[in-house]
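# Residue-level structural notes
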Amino acid sequence: MRRFTQAMYAVFLLGLGLVSAGAGASPAMPQSGVEYRVLGRPQPTEAGKKIEVIEFFGYFCPHCNALEPLIAEWVKKQGDNIVFKRVHVNFHNLVQQQKLYLTLEAMGKADEYQMKAFNALHIERNRLQSDTDVMNFVAKSGLDKQKFADVYNSFAIQSKLNRTNQLLESYQVDSVPMVAVDGRFMTSPVESVRTMGRVSEETQNRSLLQVLDFLVSKAQKEKTVAAPAPAADSGKKK
(Lines give C-alpha, C1' and ligand atoms only; values in the text may rest on other atoms or scores of the structure.)
Protein backbone atom coordinates (compact mmCIF):
# COMPACT_ATOMS: atom_id res chain seq x y z
CA MET A 1 0.00 0.00 0.00
CA ARG A 2 1.36 3.41 -1.02
CA ARG A 3 2.13 5.82 1.76
CA PHE A 4 -0.03 8.99 1.76
CA THR A 5 2.79 11.56 2.03
CA GLN A 6 2.44 15.19 3.01
CA ALA A 7 3.07 16.22 -0.60
CA MET A 8 0.30 13.92 -1.81
CA TYR A 9 -2.02 15.34 0.84
CA ALA A 10 -1.31 18.87 -0.38
CA VAL A 11 -2.13 17.85 -3.96
CA PHE A 12 -5.34 16.21 -2.69
CA LEU A 13 -6.40 19.42 -0.93
CA LEU A 14 -5.61 21.47 -4.03
CA GLY A 15 -7.78 19.16 -6.09
CA LEU A 16 -10.64 19.58 -3.64
CA GLY A 17 -10.27 23.35 -3.89
CA LEU A 18 -10.48 23.25 -7.68
CA VAL A 19 -13.56 21.05 -7.57
CA SER A 20 -15.16 23.35 -5.02
CA ALA A 21 -14.40 26.43 -7.12
CA GLY A 22 -15.92 24.79 -10.20
CA ALA A 23 -18.98 23.67 -8.29
CA GLY A 24 -19.55 27.20 -7.01
CA ALA A 25 -19.65 28.68 -10.52
CA SER A 26 -22.95 28.77 -12.38
CA PRO A 27 -24.72 30.83 -15.04
CA ALA A 28 -26.61 32.62 -12.24
CA MET A 29 -23.37 33.60 -10.46
CA PRO A 30 -20.76 33.71 -13.24
CA GLN A 31 -17.07 34.04 -12.57
CA SER A 32 -14.49 35.90 -14.63
CA GLY A 33 -12.30 33.41 -16.47
CA VAL A 34 -15.02 30.76 -16.30
CA GLU A 35 -18.40 31.77 -17.71
CA TYR A 36 -17.08 35.03 -19.15
CA ARG A 37 -13.79 36.82 -19.70
CA VAL A 38 -12.60 40.41 -19.54
CA LEU A 39 -10.96 42.02 -22.52
CA GLY A 40 -7.40 43.14 -21.88
CA ARG A 41 -8.15 46.39 -23.69
CA PRO A 42 -11.71 47.72 -23.18
CA GLN A 43 -13.41 48.98 -26.33
CA PRO A 44 -15.27 52.31 -26.63
CA THR A 45 -19.06 52.10 -26.61
CA GLU A 46 -21.77 54.41 -27.92
CA ALA A 47 -24.64 53.64 -25.57
CA GLY A 48 -24.62 56.63 -23.23
CA LYS A 49 -26.14 55.66 -19.88
CA LYS A 50 -27.34 52.33 -21.30
CA ILE A 51 -25.24 49.17 -21.67
CA GLU A 52 -24.02 48.23 -25.11
CA VAL A 53 -24.44 44.56 -26.07
CA ILE A 54 -22.96 43.27 -29.34
CA GLU A 55 -23.78 39.85 -30.78
CA PHE A 56 -21.13 38.57 -33.19
CA PHE A 57 -22.83 36.09 -35.52
CA GLY A 58 -22.93 34.63 -39.02
CA TYR A 59 -25.86 33.54 -41.16
CA PHE A 60 -23.82 30.45 -42.09
CA CYS A 61 -23.62 29.36 -38.43
CA PRO A 62 -26.21 26.77 -37.28
CA HIS A 63 -25.57 27.72 -33.63
CA CYS A 64 -26.33 31.38 -34.37
CA ASN A 65 -29.51 30.21 -36.08
CA ALA A 66 -30.54 28.27 -32.96
CA LEU A 67 -29.74 31.22 -30.68
CA GLU A 68 -31.50 33.92 -32.71
CA PRO A 69 -35.10 33.51 -31.42
CA LEU A 70 -33.91 33.36 -27.80
CA ILE A 71 -31.62 36.36 -27.96
CA ALA A 72 -34.26 38.40 -29.82
CA GLU A 73 -36.68 37.65 -26.97
CA TRP A 74 -34.00 38.53 -24.40
CA VAL A 75 -33.35 41.88 -26.08
CA LYS A 76 -37.06 42.76 -25.85
CA LYS A 77 -37.10 41.91 -22.14
CA GLN A 78 -34.05 44.10 -21.50
CA GLY A 79 -35.83 47.04 -23.12
CA ASP A 80 -34.22 50.40 -22.33
CA ASN A 81 -31.45 48.83 -20.24
CA ILE A 82 -29.34 48.10 -23.30
CA VAL A 83 -28.37 49.18 -26.79
CA PHE A 84 -28.21 45.97 -28.84
CA LYS A 85 -26.10 45.61 -31.96
CA ARG A 86 -25.24 42.75 -34.28
CA VAL A 87 -21.99 42.28 -36.15
CA HIS A 88 -21.78 39.68 -38.93
CA VAL A 89 -18.32 38.10 -38.97
CA ASN A 90 -16.19 37.64 -42.09
CA PHE A 91 -15.31 33.97 -41.58
CA HIS A 92 -15.03 31.71 -44.67
CA ASN A 93 -14.82 34.76 -46.96
CA LEU A 94 -18.62 35.10 -46.96
CA VAL A 95 -18.61 38.83 -47.69
CA GLN A 96 -22.04 38.59 -49.36
CA GLN A 97 -23.61 37.53 -46.09
CA GLN A 98 -21.91 40.42 -44.29
CA LYS A 99 -23.21 42.83 -46.92
CA LEU A 100 -26.69 41.33 -46.69
CA TYR A 101 -26.88 42.03 -42.98
CA LEU A 102 -25.34 45.51 -43.26
CA THR A 103 -27.80 46.41 -46.01
CA LEU A 104 -30.79 45.21 -44.00
CA GLU A 105 -29.48 47.21 -41.05
CA ALA A 106 -28.99 50.36 -43.15
CA MET A 107 -32.56 50.01 -44.50
CA GLY A 108 -33.97 49.63 -40.97
CA LYS A 109 -35.07 46.07 -41.77
CA ALA A 110 -32.57 44.01 -39.76
CA ASP A 111 -34.89 42.88 -36.97
CA GLU A 112 -37.75 42.14 -39.35
CA TYR A 113 -35.67 40.09 -41.78
CA GLN A 114 -33.06 38.52 -39.49
CA MET A 115 -34.88 35.22 -39.03
CA LYS A 116 -35.93 35.19 -42.69
CA ALA A 117 -32.28 35.32 -43.74
CA PHE A 118 -31.43 32.44 -41.39
CA ASN A 119 -34.38 30.44 -42.74
CA ALA A 120 -33.31 31.09 -46.33
CA LEU A 121 -29.97 29.45 -45.66
CA HIS A 122 -30.79 26.72 -43.13
CA ILE A 123 -34.25 25.69 -44.34
CA GLU A 124 -34.61 26.81 -47.96
CA ARG A 125 -30.96 25.92 -48.78
CA ASN A 126 -30.09 29.25 -50.38
CA ARG A 127 -26.39 29.39 -49.46
CA LEU A 128 -26.20 33.20 -49.77
CA GLN A 129 -22.67 32.80 -51.13
CA SER A 130 -22.98 35.08 -54.16
CA ASP A 131 -24.63 38.34 -55.12
CA THR A 132 -27.13 36.33 -57.17
CA ASP A 133 -28.02 34.21 -54.12
CA VAL A 134 -28.58 37.36 -52.07
CA MET A 135 -30.75 39.00 -54.73
CA ASN A 136 -32.81 35.79 -55.03
CA PHE A 137 -33.45 36.01 -51.29
CA VAL A 138 -34.41 39.69 -51.63
CA ALA A 139 -36.84 38.96 -54.46
CA LYS A 140 -38.59 36.21 -52.47
CA SER A 141 -38.67 38.17 -49.22
CA GLY A 142 -40.71 41.07 -50.55
CA LEU A 143 -38.01 43.74 -50.19
CA ASP A 144 -37.71 46.43 -52.85
CA LYS A 145 -35.05 44.86 -55.07
CA GLN A 146 -33.80 48.12 -56.59
CA LYS A 147 -33.56 49.96 -53.26
CA PHE A 148 -31.77 46.99 -51.74
CA ALA A 149 -29.30 46.80 -54.64
CA ASP A 150 -28.54 50.52 -54.41
CA VAL A 151 -27.64 50.23 -50.72
CA TYR A 152 -25.92 46.83 -51.11
CA ASN A 153 -23.51 48.20 -53.74
CA SER A 154 -22.93 51.57 -52.05
CA PHE A 155 -19.68 53.01 -50.73
CA ALA A 156 -21.32 53.30 -47.30
CA ILE A 157 -21.67 49.51 -47.06
CA GLN A 158 -18.05 49.02 -48.10
CA SER A 159 -16.98 51.44 -45.37
CA LYS A 160 -19.07 49.54 -42.82
CA LEU A 161 -17.41 46.29 -43.94
CA ASN A 162 -14.02 47.77 -43.12
CA ARG A 163 -15.27 48.96 -39.72
CA THR A 164 -16.75 45.52 -39.02
CA ASN A 165 -13.45 43.79 -39.66
CA GLN A 166 -11.71 46.21 -37.29
CA LEU A 167 -14.25 45.40 -34.57
CA LEU A 168 -13.67 41.66 -34.97
CA GLU A 169 -9.97 42.18 -34.41
CA SER A 170 -10.46 44.55 -31.47
CA TYR A 171 -12.85 42.17 -29.73
CA GLN A 172 -10.69 39.12 -30.55
CA VAL A 173 -13.61 37.25 -32.10
CA ASP A 174 -12.53 33.80 -33.27
CA SER A 175 -15.84 31.92 -33.12
CA VAL A 176 -19.59 32.56 -33.19
CA PRO A 177 -21.97 33.14 -31.60
CA MET A 178 -20.12 35.40 -29.21
CA VAL A 179 -21.45 38.36 -27.21
CA ALA A 180 -19.72 41.47 -25.88
CA VAL A 181 -21.13 43.53 -23.00
CA ASP A 182 -20.12 47.13 -22.28
CA GLY A 183 -17.00 46.86 -24.42
CA ARG A 184 -15.31 44.83 -21.68
CA PHE A 185 -16.91 41.44 -21.11
CA MET A 186 -17.03 38.55 -23.59
CA THR A 187 -19.02 35.34 -23.37
CA SER A 188 -20.63 32.65 -25.51
CA PRO A 189 -23.01 29.71 -25.15
CA VAL A 190 -20.09 27.31 -24.71
CA GLU A 191 -18.38 29.48 -22.08
CA SER A 192 -21.62 29.94 -20.14
CA VAL A 193 -21.81 26.20 -19.33
CA ARG A 194 -18.11 25.59 -18.76
CA THR A 195 -18.72 24.03 -15.33
CA MET A 196 -21.82 22.05 -16.31
CA GLY A 197 -20.38 19.23 -18.39
CA ARG A 198 -22.10 18.03 -21.54
CA VAL A 199 -25.49 19.73 -22.02
CA SER A 200 -27.88 20.40 -24.89
CA GLU A 201 -27.59 23.40 -27.16
CA GLU A 202 -30.86 24.70 -25.71
CA THR A 203 -29.30 24.64 -22.24
CA GLN A 204 -26.18 26.40 -23.52
CA ASN A 205 -28.23 29.18 -25.08
CA ARG A 206 -30.43 29.72 -22.03
CA SER A 207 -27.36 29.71 -19.79
CA LEU A 208 -25.84 32.37 -22.03
CA LEU A 209 -28.85 34.60 -21.39
CA GLN A 210 -28.37 34.18 -17.63
CA VAL A 211 -24.75 35.22 -17.94
CA LEU A 212 -25.79 38.20 -20.04
CA ASP A 213 -28.32 39.23 -17.37
CA PHE A 214 -25.51 39.15 -14.82
CA LEU A 215 -23.06 41.12 -16.99
CA VAL A 216 -25.59 43.81 -17.90
CA SER A 217 -26.46 44.23 -14.20
CA LYS A 218 -22.76 44.30 -13.26
CA ALA A 219 -22.00 46.93 -15.90
CA GLN A 220 -24.98 49.06 -14.78
CA LYS A 221 -23.86 49.00 -11.15
CA GLU A 222 -20.29 49.87 -12.06
CA LYS A 223 -21.45 52.70 -14.30
CA THR A 224 -23.63 54.08 -11.49
CA VAL A 225 -20.73 53.99 -9.01
CA ALA A 226 -18.40 55.65 -11.53
CA ALA A 227 -20.86 58.45 -12.34
CA PRO A 228 -19.84 61.81 -10.81
CA ALA A 229 -21.95 62.96 -7.88
CA PRO A 230 -24.15 66.04 -8.51
CA ALA A 231 -22.70 69.32 -7.31
CA ALA A 232 -23.76 70.27 -3.79
CA ASP A 233 -26.26 73.12 -3.48
CA SER A 234 -24.63 76.02 -1.63
CA GLY A 235 -28.04 77.31 -0.57
CA LYS A 236 -27.29 80.76 -1.96
CA LYS A 237 -29.67 82.43 -4.35
CA LYS A 238 -28.32 83.16 -7.80
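First things first, this report covers the structure right here in the doc. These figures come from a predicted structure and were not determined experimentally. (Residues numbered from 1 in each chain as written. Predicted model: local features only at pLDDT ≥ 70, side-chain atom pairs only at ≥ 80, totals over all residues. Heavy atoms only, no water.)

### Here's the deal with the nonpolar core
Our working rule: What is meant by a nonpolar core is a set of buried Ala, Val, Leu, Ile, Met, Phe, Trp, Tyr and Cys residues, joined one to another through side-chain atoms within 4.5 Å. Partly exposed describes any residue whose relative accessible area lies between the buried limit of under 20% and the exposed limit of over 50%, with all areas from a 1.4 Å probe on protein chains only and scaled to the type maximum. Counting from the N terminus, the helices are the DSSP runs of H or I reaching at least four residues and the strands are the DSSP runs of E reaching at least two. Residue contacts are counted whenever heavy atoms from the two residues lie within 4.5 Å of one another.
Residues Phe56, Tyr59, Leu100, Phe148, Tyr171 and Val173 are the most contacted members of the largest nonpolar core, which totals 37 residues. Breaking this core down by element, the ones donating at least two residues are β2 (51-57), α3 (95-106), α4 (110-122), α5 (131-141), α6 (145-152), α7 (155-170) and β4 (178-181). Ranked by residues supplied to this core, first place goes to α4 with six residues. Apart from residues lying up to four places away in sequence, Phe56 is in contact with Val87, Val89, Leu168, Tyr171, Val173, Val176, Pro177, Met178, Ala180 and Met186.

### Here's the deal with the packing of aromatic side chains
Here is the rule: Ring geometry is summarised as follows: Phe, Tyr and Trp rings, the Trp one being its six-membered ring, pair when their centres sit within 6.5 Å, and such pairs are stacked at plane angles under 30 degrees, edge-to-face over 60 and tilted between the two. Only when the NZ of Lys or the CZ of Arg is both within 6 Å of the ring centre and within 35 degrees of the ring normal is a charge said to sit over the ring.
Tallying each qualifying case throughout the model produces nine aromatic pairs. Each ring, one from Tyr36 and one from Phe214, has its centre 6.1 Å from the other, and the planes form 45°; the classification is tilted. Of this pair, Tyr36 sits in the loop between α1 (6-24) and β1 (37-38) while Phe214 sits in helix α9 (residues 201-226); the two residues are 178 residues apart in sequence, bridging distant segments of the chain. With relative accessibility at 24%, the residue Phe214 sits in the partly exposed group. Plain terms: the ring middles of Phe148 and Tyr152 are 5.5 Å apart, the flat faces sit at 25° to each other, and that makes the pair stacked. Placement of the pair is Phe148 and Tyr152 together in helix α6, with a separation of four residues, close to one helical turn. Look at Tyr152 and you get buried, because its relative accessible area is 2%. Three or more aromatic residues joined by ring pairs make a cluster, and in this case those are Phe57, Tyr59, Tyr101 and Phe118. The ring of Tyr152 is capped by Lys99, whose NZ or CZ atom sits 4.2 Å from the centre of that ring.

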